[in-house]
Amino acid sequence: TMEGKSVIGVEAAAYAYYGKHVSQLSDDEFYGLISMPIAPNYYHPVSNPEVHAKRVQRIKAIVSGQCAASGWFDLTYEHCASGA
């Protein structure tokens, strides 16, 4: 949610959280959006920026191949916290 309203879809999220069209997002902003569905309120970029930033770093490590899931049910990738 953003300002008490549900945000549904990537395009709506790009506007709600960054004020941009999804095609205008930086890589970090895009990773930020794809990091949120597991727990949108916890990984919220405005209300929880430090946790959000750490999650973005973990997602970047996964996308770059520096880190992989530790098993089938690994949803948080906490072991990737250092970004490597």
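What you see is a predicted model; the values in this text were computed from it and never measured. (Residues numbered from 1 in each chain as written. Predicted model: local features only at pLDDT ≥ 70, side-chain atom pairs only at ≥ 80, totals over all residues. Heavy atoms only, no water.)

A. Spotlight on the overall build of the chain. Each helix and strand in the chain was counted, giving three helices and zero strands. Going from N to C terminus, the chain has its helices and strands arranged as α-α-α. Taking 12 Å as the expected radius of gyration for a compact globule of 84 residues, we find that the chain reaches 13 Å, a close match to that expectation. Over its C-alpha atoms, taken along the principal directions, the chain stretches across nearly 35 × 25 × 20 Å. Buried positions account for 31% of the 84 residues belonging to the chain. Expressed as a percentage of contacts within the chain between residues at least 6 apart in sequence, the contacts between residues at least 24 apart total 24%. Looking at the chain as shown, the accessible area adds up to about 5,400 Å², and 58% of this sits on carbon and sulfur atoms. Both charge centroids of the chain, one from 6 positive and one from 8 negative side chains, sit 2 Å from each other. (Helix = DSSP H or I, 4+ residues; strand = E, 2+ residues; numbered from the N terminus. Rg over C-alpha atoms; globule rule 2.2 N^0.38 Å. Buried < 20%, exposed > 50% of the residue type's maximum accessible area, 1.4 Å probe, protein only. Contact = heavy atoms within 4.5 Å. Areas by Shrake-Rupley, 256 points an atom, 1.4 Å probe, with all protein chains shown as cover. Lys, Arg positive; Asp, Glu negative; His and termini not counted. Charge placed at Lys NZ, Arg CZ, Asp CG, Glu CD.)

B. Highlighting the nonpolar core. Counting nine residues, the largest nonpolar core is built from Met 2, Ala 13, Ala 14, Tyr 17, Leu 25, Leu 33, Met 36, Tyr 43 and Val 51. Looking at this core element by element, the count peaks at three residues for helix α1 (residues 10-18). Ignoring any residue separated from it by four or fewer positions in sequence, one finds Met 2 in contact with Val 7, Ala 16, Tyr 17, His 44 and Val 46. (Core = buried A, V, L, I, M, F, W, Y, C linked by side-chain atoms within 4.5 Å.)

C. Expanded view of a nonpolar patch on the surface. A cluster of nonpolar residues, Val 10, Phe 30 and Ile 34, forms a patch on the protein surface that exposes about 240 Å² of accessible area. Along the chain, Ile 34 turns up in helix α2 (residues 27-35). Residue class for Ile 34 comes out partly exposed when judged on its relative accessible area of 39%. (Patch = residues over 30% accessible without salt bridge, like charges linked within 9 Å, V, L, I, M, F, W, Y side chains within 5 Å. Salt bridge = Lys/Arg side-chain N within 4 Å of Asp/Glu carboxyl O.)

D. Molecular detail of the environment of Gln 66. The topology assignment puts Gln 66 in the segment after α3 (49-63). Considered as a pair, Gln 66 and Glu 11 are 55 residues apart in the sequence and their alpha carbons are 28 Å apart.

E. Summary view of the environment of Gln 57. With respect to the element layout, Gln 57 can be found in helix α3. Taking the C-alpha atoms as reference, Gln 57 lies 9.7 Å from Ser 35; in sequence the two are 22 residues apart.

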